[in-house]
Amino acid sequence: MNNLITAIEELKKEKNAVILAHYYQSGDIQDIADFVGDSLALAQWAAKTDADVIVMCGVHFMGETAKILCPGKKVLVPDLEAGCSLADSCPADKFAAFVAQHPDHTVISYVNTSAAVKAVTDVVVTSTNARQIVDSFPADEKIIFGPDRNLGNYINSITGREMMLWDGACHVHEQFSVEKIVELKKENPSAEVLAHPECKSTILALADKIGSTAALLKHAVNSDKEVFIVATESGILHEMQKQCPQKTFIPAPPNDSTCACNECSFMRLNTMEKLYDCLKNETPEIIVDEAVAAKAIRPIQRMLDISETLGL
Ligand code: 13P
Ligand code: SF4
């Protein structure tokens, strides 16, 4: 492994590359990355890097977002098959038809979508800024929110809106077991439950803190509690444990205890070996159709501009 780490470091320098990693990557990839963050931070980082090559250790839509923001740079991903079940639950042709049926609605899309879905979107959001961006529209604005029904329901519940929701979901966040979390709480009565808003409302109802991966991490660092039950992809525990070595983090269990369903099978396709190969061979590369990118850049840039104004 040490040889692999050295070889990746050397290739990175030689090619003036930057490695960006999401919190759901394996610990070794997070450790070698130049920057680890949530999906908003990865987009912000990509937009400002002066590297020639961006290696996006995450999933396909994260690579697409980086490529749309930096069309002149080479954007690589360790495994092109690293998709997203939530993005897949929103096929672009069907979403475009739905949007066309509601021409008086503003379209707000979660960043976990294909470039083609972003191309028919007015503003993109992530779980870090969804509430604030929705709140930036007048209370009577008619809004379509896609594709995550759980995040959409949650935002409706905290803003009092009735956004029209696309019926999509993430296969990891839909798997958490209410009964097992309640059981864990009984065993650890002082533990706080941290949940990502992609979880079902029954899980969110148990949570002491609901937020993006970055928000959950920040909460864990600042909380005076010692034990946390974490209802999101278990890769985030790596950075939580790193920043809070004295605290205990328990991954929330999925319904099926025989599977590793709290790991995202797409995120985990990326490995150190594939990261090395992709830097060495400069492939697989993310390519976005230019006409699609020209439309998709607008809602992404709008999100970055609003986030900057809000200090996010
Ligand atoms: P974050 O925006 O919290 O990074 O979430 C991304 C994601 O894919 C959640 O499943
Ligand atoms: Fe997509 Fe879910 Fe994986 Fe996040 S955890 S990348 S939403 S499949």
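Quick summary incoming for the structure in this document.

Rules used in this analysis
- Residues numbered from 1 in each chain as written.
- Chains lettered and ligands numbered in written order.
- Predicted model: local features only at pLDDT ≥ 70, side-chain atom pairs only at ≥ 80, totals over all residues.
- Heavy atoms only, no water.
- Helix = DSSP H or I, 4+ residues; strand = E, 2+ residues; numbered from the N terminus.
- Contact = heavy atoms within 4.5 Å.
- Buried < 20%, exposed > 50% of the residue type's maximum accessible area, 1.4 Å probe, protein only.
- Arc of directions from axis to C-beta.
- Salt bridge = Lys/Arg side-chain N within 4 Å of Asp/Glu carboxyl O.

What about the environment of Leu206?
Along the chain, the position of Leu206 falls in the loop between helix H11 (201–204) and strand E10 (209–210). As for Leu206 and Lys185, which are separated by 21 residues in sequence, their C-alpha atoms are 9.6 Å apart. Beyond its immediate chain neighbours, meaning those up to four positions away, Leu206 contacts Val178, Ile181, Val182 and Val193.

Thoughts on helix H14 (residues 272–281)
Every buried residue of H14 is accounted for by Met272, Leu275, Cys278 and Leu279. For H14, the angular spread of the buried residues around the axis is 125 degrees, confining them to a single face. For H14, the secondary structure elements touched by its buried residues are helix H1 (2–14), strand E1 (17–22), helix H2 (27–32), strand E3 (53–57) and strand E4 (74–76). In the segment just after H14, Glu282 is the residue with positive phi, at about 50 degrees.

A word on the pattern of salt bridges
Scanning all chains against the criterion turns up 13 salt bridges. Notably, a salt bridge pairs Glu282 with Lys74, separated by 2.8 Å at the nearest N-O pair. Here Glu282 is found in the loop between H14 and helix H15 (290–310), whereas its partner Lys74 is found in strand E4, with 208 residues between them in sequence. A relative accessible area of 26% places Glu282 in the partly exposed class. Note that Glu183 is salt-bridged to Lys186, the shortest N-O span being 4.0 Å. Taken together, the positions of Glu183 and Lys186, both in helix H10 (residues 178–187) and three residues apart, correspond to about one turn of that helix. For Glu183, a relative accessible area of 41% corresponds to the partly exposed category. Within the structure, one salt-bridge network assembled from shared partners comprises Glu9, Lys12 and Asp34.

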